[in-house]
Amino acid sequence: MTDAISLLTFPNTSKAFTAYRSTVVDVDDRSTSHPRKTPRLDADSDSGSASRSRDAKGKNVDRDGPVRIQVHGFTGGAVGFALNRAYDNLFVRLSRSIRALLEKGSDQLSTTYEGVYTACRGVVCVAGRGEGLYEMLKAEMHKCVNRLAEELEKTNKEGVEWIGQFVETCAWFEGQVALLESLLTYLDRAYVFKNPSLSFYSNFSDLAFTRFRERIFSGYFIVDKLQKGISTMGHMERNEGQVHIHRPFLKELVSHLVIHCVYDAIFERHFVEQTQEYFSKESYQMVEVEKAKAKVFLVHCNQRINEEQGRARDVMLDCTVALIRDAAIRSLFEGRLEWMAKEVFMECKGTTDLKKTYALFSSVDGLPVLCREFKAYVQAGKTVQDIVKDASKDDEMVNRLLEFKAFADTTLKEAFVDPSTKQSNQDFSYGLIDAFTDDRMYLEHFIIGALAKRLLLERSASDDFEKAMLKKLKEKYDPEFGMGDHMFNDLALSRDSCGNVSSLQNISVMVLQRSVWPFHARDTDVDLPSSMQADLDNYTSFYKIKHQGHKLEWDHSLGIATVKARFAAGPKDLTVSLYQAVVLLLFNKETEIGYRHILEETRMDDGELRRTLQSLACANKKVLKKRPVGKDVNDTDVFYFNAEFTDPRAKVHINSIQAKETAEENQRTQSHIEGDRKHYLDAAIVRIMKAKKELLYELLKNETIDAVKSHFVPQVSVIKDRIDGLVEQEYLRRDEEDRNLYIYVA
């Protein structure tokens, strides 16, 4: 018996409908009579009959549109039963195919992919069983995901190997979902899209990935093993310093996690946290335990950051690279910025290292700390103040300062550059200026003091060179350096006046104006031998006759003398300080002298005497010896002449030991400079007000700072005090209505 499907199957090619031009009639479902043909009218009776047909009621029928054929009587009976049985068989075959495709390792697919595609079309579009197919697919998908989860949970693999299995599972599942999505296209298009109640899942792949995400990534066990494997691989690469052989697993894992929309929660957040933890421990180990140098730590940090950034670029998404880099930098530098900023300037002398330091501090918002330490380094940290206070290199001080300033300027232009503007960072520029101007008056004090010592001790290589250097300092830094010119003029006058004294044969005298030279008067001084004192008395008489009304005070601390000494190896000319000469002359009378006796004979300051004896008996050139031997001078020490002293040169220079500046001298210097600053501020305020006539306090304050910033940067409170002082002295007055407005009083 021929079934209904065979009866309704048309040949592949046919011209039946084209050749047979029949008239289509309406069929009345309520009538039991068979349809019958209606005779056509003659062609002459209807001009349109050649191009159209008419139905039984005389209506025109358009032959160009689709032809609809209705077959009645198939809903029940034998034909209907046969159709339902055929649809059931088709549904069963399709279910088996879907089950086989969703079972890992199964090869029981009994039909071709085209057969699955055709069966889906028949079940959904012909049989109208889309809902049943959709529910069956959901059930099979649930079973499939459960099987995959159980397989991952029961495996004996750990760490990186487990990640490999997980990646393989994800790849298989995603491949099967993509295959089924193409084979079951009619289910998506003809059923899912047309049922609003199923809108939660827009298509089959959405359903599949949602089931997979809920079962696989919602459980603690799988996520924990996944994150442990990620951490294990990361630690292995960091500890061994090389790429892990299974790094491709990690790259594939990232792509799968992105597909399932869990990359941020499971991978990115976890990797950032374990990066922070790892590098925090490493930073503590290097700095606190191993006590690494700042430069070594900086090189290590740069290497680590580059490695971490390269790993992130190779494996992770672009948006994660910046997060990983930031996490590594912040973990390495957390709590280390102050230490790094202080030490890096001491250890890193080249602009390359400082440029890397600037980039790292910039990435962790640490530029204010670096700028502050840069200013402190320039100002005090083994630089300006050390250069100025280095008494052993007084002759090189100005050149060293200028060289350091050139280095600082180069560093500013090459290392501290803002990447966005390609210009030097203005904060560092201001910091450099402040470093050289905050203590410019101190700098001026030390430079002028060192110059004065060189001139008086005749250690200057060339007066012309000294004058040229002063000119450069005046033009480039501060006009107040011009006071050094007064010292040269004073020396010239002294030479002229002393050159006219014919009685001065054994001594050379310099008469100086105390206001020109940066030295303070001494309360007590050394007692000179009678022969020396007689020469000084003769000159004093001469000076008083020539300069009546002038007061002459002797300062022996800067005096020098040439002493002829006879040693066993031969005579020597010793160039010594006046203090050293006074002590040496005592040994013309006695061979051994105790410390207390020397103190009584010279009446020298105790500290000065100890330093003088150290330079003669404890330094490299020992013209005296002491008992007991030692570096320090004690009250019970005994000194005697060293007749065995030798030196290849006929003229021997013995250096003095420079005294460190005492707290009293520091305070005196500070008071002197503070007094000068007050005069600078007073003069600047009066000049400004004389030009402006009246100004608000804020404007006056800002203009005052601008006026004196080439000398120093004043504190706001000091400016306010000076303004109040000028108001009391009636140079200024306040406006009666606006108390913040100051008016110049002519």
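These numbers come from a predicted model, not from an experiment.

## Brief notes about the overall build of the chain
Line of reasoning, step 1. Of the regular secondary structure elements, the chain holds 29 helices and 13 strands.
Line of reasoning, step 2. Counting across all 746 residues of the chain, residues that qualify as buried make up 41%.
Line of reasoning, step 3. Carbon together with sulfur atoms contributes 50% to the accessible area of the chain, which is approximately 43,400 Å² in total.

## Notes on the sheet that holds strand 8 (residues 624-627)
Line of reasoning, step 1. An order of 7-9-8 is seen for the 3 strands of this open sheet, with the pairing classed as antiparallel. The sheet is open, and its two edges are formed by strand 7 (592-594) and strand 8, each paired on a single side. Shown here is a sheet whose adjacent strand axes are inclined to one another by a mean of 30°, direction ignored.
Line of reasoning, step 2. Sheet topology places strand 8 next to strand 9 (residues 638-641); 4 bridges connect them, and they run antiparallel. Looking across to strand 9, one finds that Arg627 is bridged to Val638.

## What about the nonpolar core?
Line of reasoning, step 1. Within the largest apolar cluster, 65 residues are counted, with the highest numbers of intra-cluster contacts made by Leu133, Phe166, Phe173, Leu226, Leu253 and Phe267.
Line of reasoning, step 2. Among the elements that line this core, the one with the most residues is helix 6 (residues 159-183), at 12 residues.
Line of reasoning, step 3. Apart from residues no more than four positions distant in its own chain, Leu253 is found in contact with Ile163, Phe166, Val167, Leu226, Ile230 and Phe267.

## Describing unusual backbone geometry
Line of reasoning, step 1. Arg627 connects to Pro628 through a cis peptide bond whose omega is -10°.
Line of reasoning, step 2. With respect to the helices and strands, Pro628 occurs in the loop between strand 8 and strand 9.
Line of reasoning, step 3. The backbone of Cys261 sits at a positive phi, close to 60°, despite the residue not being glycine.
Line of reasoning, step 4. Of note, Cys261 is situated in the loop between helix 10 (247-259) and helix 11 (263-289).
Line of reasoning, step 5. Since its relative accessible area comes to 64%, Cys261 is described here as exposed.
Line of reasoning, step 6. Positive phi outside glycine occurs at Arg603, with the angle close to 55°.
Line of reasoning, step 7. With respect to the secondary-structure elements, Arg603 resides in the loop between helix 25 (595-602) and helix 26 (606-617).
Line of reasoning, step 8. For Arg603, a relative accessible area of 57% translates into the label exposed.

## Considerations on the packing of aromatic side chains
Line of reasoning, step 1. This structure, assessed with the given rule, holds 18 aromatic pairs.
Line of reasoning, step 2. Seen in terms of ring centroids, Phe267 and Phe271 are 5.6 Å apart; in terms of plane orientation they differ by 5°. Their pairing is stacked. Highlighted residues: Phe267 and Phe271, both in helix 11, separated by 4 residues, approximately one helical turn. Exposure class is identical for Phe267 and Phe271. Each is buried.
Line of reasoning, step 3. For the ring pair Phe567 and Phe645, a centre distance of 5.1 Å and an interplane angle of 50° mean the geometry is tilted. In this pair, Phe567 sits in strand 5 (residues 560-567) while Phe645 sits in the loop between strand 9 and strand 10 (651-653), placing the two residues 78 residues apart along the sequence.
Line of reasoning, step 4. The class for Phe567 is buried, based on a relative accessible area of 8%.
Line of reasoning, step 5. You can call Phe645 buried: its relative accessible area is 6%.
Line of reasoning, step 6. Here the aromatic residues Trp162, Phe166, Phe173, Phe209, Phe212 and Phe217 are joined through ring pairs into a cluster of three or more.
Line of reasoning, step 7. In this structure, Arg238 packs its charged tip against the face of Tyr278, placed 5.2 Å from the ring centre.

## Concerning the side chain of Asp682
Line of reasoning, step 1. By the element assignment, Asp682 lies in helix 27 (residues 663-692).
Line of reasoning, step 2. Excluding anything up to four places from it in sequence, Asp682 contacts Arg722 and Leu726.

## Looking at the packing of helix 6 against helix 10
Line of reasoning, step 1. Running from amino to carboxyl end, helix 6 crosses helix 10 at an angle of 45°, the nearest separation of the two axes being 9 Å. Relative to helix 10, the element helix 6 is oriented oblique. Note on packing geometry: the crossing formed by helix 6 with helix 10 is left-handed. For the pair helix 6 and helix 10, the contacting residues are Val160, Ile163, Gly164, Phe166, Val167, Cys170, Ala171 and Glu174 in the first and Phe249, Glu252, Leu253, His256 and Ile259 in the second.

## Here we look at helix 7 (residues 185-192)
Think of an α-helix as turning once every 3.6 residues; residues three or four places apart then point the same way.
Line of reasoning, step 1. For helix 7, every residue scored as buried is listed here: Leu187, Asp188, Tyr191 and Val192. The buried residues of helix 7 occupy an angular sector of 115° when projected down its axis, which confines them to one face.

## Description of the packing of helix 9 (residues 220-240) against helix 11
Line of reasoning, step 1. Relative to each other, helix 9 and helix 11 sit at 40°, their axes nearing to 10 Å. Between helix 9 and helix 11, the angle is such that the two are oblique. Judged by the twist between their axes, the crossing of helix 9 over helix 11 is right-handed. On helix 11, the residues that touch Val223, Leu226, Gln227, Ile230, Ser231, His235, Arg238 and Asn239 of helix 9 are Ala265, Ile266, Phe267, His270, Phe271, Gln274, Thr275, Tyr278 and Phe279.
Line of reasoning, step 2. In the contact of helix 9 with helix 11, the residues fall into 9 nonpolar, 7 polar and 1 charged.

## What about the environment of Val727?
Line of reasoning, step 1. Here Val727 shows up in helix 29 (residues 716-728).
Line of reasoning, step 2. A C-alpha to C-alpha distance of 9.4 Å links Val727 and Tyr744, two positions 17 residues apart in sequence.
Line of reasoning, step 3. For Val727, the residues in contact, after removing those within four places along its chain, are Leu732 and Tyr742.

## Some details on the pattern of salt bridges
Line of reasoning, step 1. For the structure on display, the rule yields 34 salt bridges.
Line of reasoning, step 2. Here Arg596 makes a salt bridge to Asp635, at a shortest N to O gap of 3.5 Å. Taken as a pair, Arg596 in helix 25 and Asp635 in the loop between strand 8 and strand 9 lie far apart in primary sequence, 39 residues in all.
Line of reasoning, step 3. Its relative accessible area of 52% is what places Arg596 among the exposed residues.
Line of reasoning, step 4. Judged by its relative accessible area of 30%, Asp635 is partly exposed.
Line of reasoning, step 5. The partner of Glu698 in a salt bridge is Lys701, with the nearest N and O atoms 3.0 Å apart. Taken together, the positions of Glu698 and Lys701, both in helix 28 (residues 697-708) and 3 residues apart, correspond to about one turn of that helix.
Line of reasoning, step 6. By relative accessible area, which is 44% here, Glu698 ends up partly exposed.

## A closer look at the confidence of the model for the chain
Line of reasoning, step 1. For the chain, the average pLDDT comes to 79, and 77% of its residues sit at 70 or higher.
Line of reasoning, step 2. The weakest mean pLDDT in the chain belongs to helix 1 (residues 4-7) at 48; the strongest belongs to helix 11 at 92.
Line of reasoning, step 3. Here residues 1-5 is a poorly scored stretch, pLDDT under 50, and it has 3 contacts once near neighbours within four places are set aside; other chains count.
Line of reasoning, step 4. Here residues 22-53 scores under 50 on pLDDT; set against residues more than four positions off or in separate chains, the count is 30 contacts.

## Points about helix 29
Line of reasoning, step 1. For helix 29, which comprises 13 residues, the first-to-last C-alpha distance of 19 Å matches the rise-based estimate of 18 Å (1.5 Å per residue) to within 8%.
Line of reasoning, step 2. Taken together, the buried positions of helix 29 are Ile719, Arg722, Ile723, Gly725 and Leu726. One side of helix 29 holds all its buried residues, which, seen down the axis, span an arc of 160°.
Line of reasoning, step 3. Within two residues after helix 29, Glu730 carries a phi angle of roughly 65°, on the positive side.

Conventions used here
Residues numbered from 1 in each chain as written. Predicted model: local features only at pLDDT ≥ 70, side-chain atom pairs only at ≥ 80, totals over all residues. Heavy atoms only, no water. Helix = DSSP H or I, 4+ residues; strand = E, 2+ residues; numbered from the N terminus. Buried < 20%, exposed > 50% of the residue type's maximum accessible area, 1.4 Å probe, protein only. Areas by Shrake-Rupley, 256 points an atom, 1.4 Å probe, with all protein chains shown as cover. Pairing = 2+ DSSP bridges. Axes fitted to C-alpha atoms, helices over the stretch in contact; angles between N-to-C directions. Core = buried A, V, L, I, M, F, W, Y, C linked by side-chain atoms within 4.5 Å. Contact = heavy atoms within 4.5 Å. Phe/Tyr/Trp six-rings, centres within 6.5 Å; stacked < 30°, edge-to-face > 60°. Lys NZ or Arg CZ within 6 Å of the ring centre and 35° of its normal. Parallel < 35°, antiparallel > 145°, perpendicular 65-115°, else oblique. Left-handed = near helix turned anticlockwise from the far one by under 90°. Arc of directions from axis to C-beta. Nonpolar A, V, L, I, M, F, W, Y, C, P; charged D, E, K, R; others polar. Salt bridge = Lys/Arg side-chain N within 4 Å of Asp/Glu carboxyl O. pLDDT = per-residue confidence, 0-100. Expected span 1.5 Å × (residues − 1).

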